[in-house]
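Okay, here's what each chain looks like letter by letter:
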Amino acid sequence: MKLKNLKIGQKLRFYVLAVTSIVFIASIGYISLKDRNRALNDAISLVDSYASNYAEEISNSFNSDLAVVRTLAHAFHVHTALPVDEWKPLFVKMYREVFERNPHFYALWDSWEYAYVDPDWELPHGRFLNYHFRKDGQVGYQELERSLDGDPPLYAAAKNAGREMVWEPYPDQLDVGATGTTLMTTFTVPMFINNRYIGLVGLDITLARLQRVISEIQPFDESYAFLVSHNGLYAAHPETQFLETSLADNLWQDEANHNIIQRIQRGETFGFSSSHEKDESFYYTFAPIFIGETQTPWSMGIAVPARVVEQEAAWQFFVSVIIGLIGLIIIGIVVTILSRHISQPINRVTTLMQRLSKGEVDKSMHLEMKTGDEFEQMADAFNISIIGLNEKTQFEQKIGNGDLEAEITLLSDNDVLGKSLIEMQNDLKKAKSEEAARQEENRIRRWSTEGYARFAEILRKNNDNLEALAFDIIQNMVKYLEANQGGLFIVNDEDQNDVFLELKACYAFDRRKFLEKKILPGEGLVGACYLESKTIYMTQIPQSYIRITSGLGDENPAALIIVPLIVNDEIYGVMELASFREFAPYQIEFIEKIGESVASTISSVKINLKTALLLEKSQQQGEEMKAQEEEMRQNMEELHATQEEMARKTLEMEGILNAIDAASYVIEYDLKGEIINISDSYLRLIKLPKEKVIGTHHAENIDFTASQQENYDRFWQDLQRGETRNQEVRVTIEGKELWLAETYTPIKDASGKVVRIYKIANNITDSKLETRKLQEENEMLRKDLAKSGNKKA
């Protein structure tokens, strides 16, 4: 039998039971699986909790033993105040009491560095031990020497660590008191005096007690526990063959996958599943064991077979499935009863719905049900629907007659048919409104097209006159936009160091305005528009920014738009428009597009004007170059003649100077009195090389009295003023006395300014000697005449 041929009650039972069964089975399955996973996670958490608890117990045991060692180490600090023979018996007695209270201690010892005890000890190693041990139930004591040839590795590690330590498990290797090879560990606490290491206190304990404890830990069937040291050695394990072996060797695949040793050394709590140790899957959990202030935590491990952990979860899953099947049977019985109760009212509704499907809508189609449940609500809803359909029929008739303002009351917010009729009404209204909008769009499109064509013609004209072009643009823009005032600013970049915006044209109220205005980049709104290269549109305009004036008065504009004239990312100017009416978006777009065309035209006009200017300038420069060439030719002829005359005079002057140099002694001074040149004849006279003379001062090595210094300064000032001075001087060279007649002549440049001093000296020694000889002869003659007169008398 096909499902579509079933009655409503049968379909209801089938579909409800089918869907309910699927949903119920899926839910029970999902919940059961979740419960199974939750139980599995709870079991794993319980295993982790067991490991943490046992780890804490072992940690407390270790910390209790380490506290004893720490206390003894602190107690040893009193030995500095007592002689050795006094504190040793005290500590021996103390050690015995400690041993009696802690029967699990294997050995208790303290180690003292000879370098501390013996001031004459020079080696960095060497120590003595006070060794207390347990043998045959008795406490023994010996004093031993160790490390005389060097510290063993374990002791060296404890010594260098400088902190509390727990040693890795090791078999008992001490001969004294040893009863065999027993797996042990040692706690050590260092002793320091003034930050100097002096020794340590150590406690040796066997791990046999922990081995027994570990063997008894079995939180689940077939599970076992084990103890792992910091470096991964088994310190306790139910299977003794693993003792002292590395966990990494036993679980080498898991070590590679999970970094077990590193995580133990970091003191982490972690777990994982693995089947590498045995033939079945085990869950391993590790909990850290922190020991005192050591930095080498151990770890407590528990391994549980995965099947044991999953047994509880499997049982819960089985119980959940049984409960689900029982519930499914109960639901089937209840659904059967309810389907019969539902099918009878539905048959009555079906009859009326068949009439409605044939297009019959009548007030007589009324359904009476007084069941007090959803069927009564369904009957009421059906009756309301019939009433609503009658109202909607009348509404459609009004709309069809053209009454777009007709009203209809919705049955509810979910009245789809009513909303559809209202949407139809709104669509008709919208179509009417859209037709008006299309007409407005066509008007704007025609307006824009005509404007583009109009300004294209304007830009085509006056492409050789920037002022006329600017005025045509702003005049037509103001008129076409029905604005009130406008201005066109063009970028003036003739001087790259002084770029500014120049007002080329201004138009307002059908009149041309002749204004001169210069705006710098960034100055005001126009300057800001230039810098930002973005349109500025304002409807809230400051009172002081702009006023539109006419014969009827002046008023602040309602809208102001400033558009940059940009083409190819280069700005050529700014257009500013003001109006009593706000600009529409399509007008703003029109202004911006026209601005691009204006910028392109301005660029072309500037290029044309610059080209014409360059051409004119080139022609002018060509004519000037011809005139300059003719003038240069004449100047070259005159220069050639002048050069010939100068060459002739130069030769004459060189002849005169050579003659002067040959006949006289010549020196040139700068205005400070330092020698800048000297003739060869002068150098031969003074018998000095030229490099020792150049740069020396005129008065060098001369000591003046105050009056002489004043006369000398006056002499040099006269020369600097351009006056020529003459003088006779007496010099002694290599014991020979010479007289020189010197003439100092200032040399001036073309402007008459004194630039250097020229001195010419002549040797007048012979004439001076002749004069002196004549004077001596005259004196002798005078004296002879005087004697002759005396004799006559």
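Residues numbered from 1 in each chain as written. Predicted model: local features only at pLDDT ≥ 70, side-chain atom pairs only at ≥ 80, totals over all residues. Heavy atoms only, no water.

### Comments concerning the pairing of strand β7 (residues 196-206)
Step number 1: Counted residue by residue, β7 has nine buried out of eleven residues, so it is predominantly covered.
Step number 2: Pairing geometry for strand β1 (residues 105-113) and β7, over seven bridges, is antiparallel. Residue Ser111 lies in a different strand from β7, and its bridge partner there is Leu200.
Step number 3: Bridge analysis of strand β6 (residues 183-193) against β7 gives ten bridges, and the strand direction is antiparallel. Residue pairing across strands places Met191 opposite Gly199, the latter belonging to β7.
Step number 4: Counted between consecutive antiparallel strands, the loop separating β6 from β7 contains two residues, among which Asn194 sits at a positive phi close to 55°. (Buried < 20%, exposed > 50% of the residue type's maximum accessible area, 1.4 Å probe, protein only. Helix = DSSP H or I, 4+ residues; strand = E, 2+ residues; numbered from the N terminus. Pairing = 2+ DSSP bridges.)

### Topic: the packing of aromatic side chains
Step number 1: Per the stated rule, a full pass over the model turns up 34 aromatic pairs.
Step number 2: With a centroid separation of 6.3 Å and an interplanar angle of 15°, the aromatic rings of Tyr50 and Tyr54 are classed as stacked. Of this pair, Tyr50 and Tyr54 both sit in helix α1 (residues 8-75), separated by four residues, roughly a single helical turn.
Step number 3: Ring geometry for Tyr712 against Trp716: centres 6.4 Å apart, planes inclined by 20°, an arrangement best described as stacked. (Phe/Tyr/Trp six-rings, centres within 6.5 Å; stacked < 30°, edge-to-face > 60°.)

### Remarks on the pairing of strand β8 (residues 224-228)
Step number 1: Buried residues dominate β8, accounting for five of its five residues.
Step number 2: Neither face of β8 is left uncovered, since the one carrying Tyr224, Phe226 and Val228 and the one carrying Ala225 and Leu227 both have all their residues buried.
Step number 3: Looking at chain direction, β8 and strand β12 (residues 298-305) are connected through five bridges and run antiparallel. When the bridges of β12 are listed, Phe226 appears paired with Gly301.
Step number 4: Sheet topology places β8 next to strand β9 (residues 234-236); two bridges connect them, and they run antiparallel. Looking at the pairing, Val228 lines up with Tyr234 of β9.
Step number 5: Turn length for the β8-β9 hairpin, with the two strands adjacent in sequence and antiparallel, is five residues, and the turn residue Gly232 shows positive phi of about 90°.

### A few points about the nonpolar core
In a soluble, globular protein the nonpolar side chains are often hidden away together inside.
Step number 1: Membership of the largest hydrophobic core comes to 47 residues, with the highest contact counts inside it found for Phe62, Phe187, Leu227, Ile289 and Met300.
Step number 2: Apart from residues lying up to four places away in sequence, Ile289 is in contact with Ala55, Ile58, Ser59, Phe62, Leu227, Pro297, Trp298, Ser299 and Met300.
Step number 3: Leu469, Phe471, Leu481 and Leu488 belong to the second-largest nonpolar core, a separate cluster that totals 36 residues. (Core = buried A, V, L, I, M, F, W, Y, C linked by side-chain atoms within 4.5 Å. Contact = heavy atoms within 4.5 Å.)

### Looking at the layout of surface pockets
Step number 1: The space that makes up the largest pocket amounts to roughly 910 Å³.
Step number 2: What lines the largest pocket is a set of 29 residues, and nearest its centre among them are Tyr682, His698, Glu700, Ile702 and Val731.
Step number 3: Broken down by secondary-structure element, the contributors of at least two residues to the lining of the largest pocket are β22 (665-669), β23 (675-678), α15 (680-686), α17 (706-720), β24 (725-733) and β25 (736-748).
Step number 4: A total of six residues in the lining of the largest pocket trace back to one element, the largest contributor, which is β24.
Step number 5: Looking at the lining of the largest pocket, its residues break down into 18 nonpolar, seven polar and four charged.
Step number 6: Here the second largest pocket is characterised by a volume of approximately 560 Å³.
Step number 7: Along its surface, the second largest pocket is lined by 20 residues, and Val491, Asp493, Glu494, Lys606 and Lys610 are the ones closest to its centre.
Step number 8: Elements with a minimum of two residues in the lining of the second largest pocket: α12 (466-480), β13 (485-492), β14 (500-508), β21 (570-579) and α14 (585-663). (1 Å grid on protein atoms, 1.4 Å probe; cavity = no way out; pocket = protein on both sides within 12 Å on 5 of 7 lines; lining within 4 Å. Points joined across faces, edges and corners; volume = space filled by probe spheres on them. Nonpolar A, V, L, I, M, F, W, Y, C, P; charged D, E, K, R; others polar.)

### Let's talk about a nonpolar patch on the surface
Step number 1: A cluster of nonpolar residues, Phe318, Val319, Val321, Ile322, Ile323, Leu325, Ile326, Ile330 and Val334, forms a patch on the protein surface that exposes about 760 Å² of accessible area.
Step number 2: When you line up the elements, Val321 lands in helix α9 (residues 306-357). (Patch = residues over 30% accessible without salt bridge, like charges linked within 9 Å, V, L, I, M, F, W, Y side chains within 5 Å. Areas by Shrake-Rupley, 256 points an atom, 1.4 Å probe, with all protein chains shown as cover. Salt bridge = Lys/Arg side-chain N within 4 Å of Asp/Glu carboxyl O.)

### Side note on the confidence of the model for the chain
Step number 1: In the predicted model, the chain carries a mean pLDDT of 79, and 83% of its residues have values of at least 70.
Step number 2: Within the model, the stretch residues 174-179 combines pLDDT values under 50 with 13 contacts to residues more than four positions away or in other chains. (pLDDT = per-residue confidence, 0-100.)

### Topic: unusual backbone geometry
Step number 1: Positioned with a positive phi, Glu222 is a non-glycine residue whose angle comes to about 65°.
Step number 2: Residue placement: Glu222 occurs in the loop between α5 (208-216) and β8.
Step number 3: Positive phi, close to 65°, is recorded for Asp569, a residue that is not glycine.
Step number 4: With respect to the element layout, Asp569 can be found in the loop between β20 (559-567) and β21.
Step number 5: Owing to a relative accessible area of 80%, Asp569 belongs among the exposed residues under this scheme.

### Considerations on α12
Step number 1: Compared with an ideal rise of 1.5 Å per residue, which puts 15 residues at 21 Å, α12 spans 21 Å between its outermost C-alpha atoms and is within 8% of the ideal.
Step number 2: Counting buried positions along α12 gives eleven out of 15 residues, so the element sits mostly inside the fold.
Step number 3: Those residues of α12 lying buried are Leu466, Leu469, Ala470, Phe471, Ile473, Ile474, Gln475, Asn476, Met477, Val478 and Tyr480.
Step number 4: Once α12 ends, the next one or two residues include Glu482, with phi positive near 55°. (Expected span 1.5 Å × (residues − 1).)

### Quick notes on a negative patch on the surface
Step number 1: A surface patch of like charges, here negative, comprises Asp493, Glu494, Asp495 and Glu570.
Step number 2: Inspection of the secondary structure assignment puts Glu570 in strand β21.
Step number 3: Glu570 gets classed as partly exposed once you look at its relative accessible area, which sits at 42%. (Lys, Arg positive; Asp, Glu negative; His and termini not counted. Charge placed at Lys NZ, Arg CZ, Asp CG, Glu CD.)

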